[in-house]
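Survey of secondary and tertiary structure
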Amino acid sequence: MQMAKADKQKNMPKENHEESVSGAYCEGCAHRKKQRDEKELRYLKNRLSRIEGQVRGIKGMVERDAYCTDILIQVAAVNAALNSFNRVLLANHIKTCVTDDIREGKEETVDELIKTIKKLMR
């Protein structure tokens with residue numbers, strides 16, 4: 001029987017993979033890190049905290065039997081906030097990681113960027 005990808009990630013040995021935001025270990029990200037300056041890190045963390053608060057608010061709405069349309073509107077707001085977060089992170093990635101890799105002759109970074117953009121556009 002095939003194990004789900006999330007289950008595989010949880011069972012991966014720590015020494016071979018970096019820890020992701022969810023606490024699971026991801027395939028293909030070993031030895032890949034991004035050093036962020038304090039301002040960028042603070043900005044991204046603050047945005048994620050706000051989004052996390054919005055999601056908790058939605059959970060509370062469901063628990064209080066809020067009207068479906070009201071919940072859907074809040075979910076749309078979370079989706080918009082996540083899309084905005086992605087745009088900021090992607091722009092920073094292109095300005096730093098991708099640009100640096102291209103300067104170093106790592107042309108495969110462009111292919112990786114294209115794959116990432118395709119995933120974001122699903």
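Okay, so let's go over this structure. (Residues numbered from 1 in each chain as written. Predicted model: local features only at pLDDT ≥ 70, side-chain atom pairs only at ≥ 80, totals over all residues. Heavy atoms only, no water.)

**Some words on helix 3 (residues 68–103)**
Relative to the 52 Å expected for 36 residues at 1.5 Å per residue, helix 3 spans 51 Å between its end C-alpha atoms, a close match to the ideal helical length. Within helix 3, the axis deviates most sharply at Ile94, by approximately 35 degrees. Along helix 3, the residues classified as buried are Ile71, Val78, Ala81, Ser84, Phe85, Val98 and Asp101. Buried residues belonging to helix 3 abut helix 2 (38–63) and helix 4 (108–120). Residue Gly105 follows helix 3 closely and has a positive phi angle near 85 degrees. (Helix = DSSP H or I, 4+ residues; strand = E, 2+ residues; numbered from the N terminus. Expected span 1.5 Å × (residues − 1). Bend = angle between axes of the 7 residues up to and from the residue. Buried < 20%, exposed > 50% of the residue type's maximum accessible area, 1.4 Å probe, protein only. Contact = heavy atoms within 4.5 Å.)

**Some remarks on the nonpolar core**
Judged by nonpolar contacts, Leu44, Ile51, Ile58, Met61, Ile71, Val78, Ala81 and Phe85 together constitute the single largest core of eight residues. The set of elements that each furnish at least two residues to this core consists of helix 2 and helix 3. When sequence neighbours within four positions are dropped, the list of residues in contact with Val78 reads Ile51, Gln54, Val55 and Ile58. (Core = buried A, V, L, I, M, F, W, Y, C linked by side-chain atoms within 4.5 Å.)

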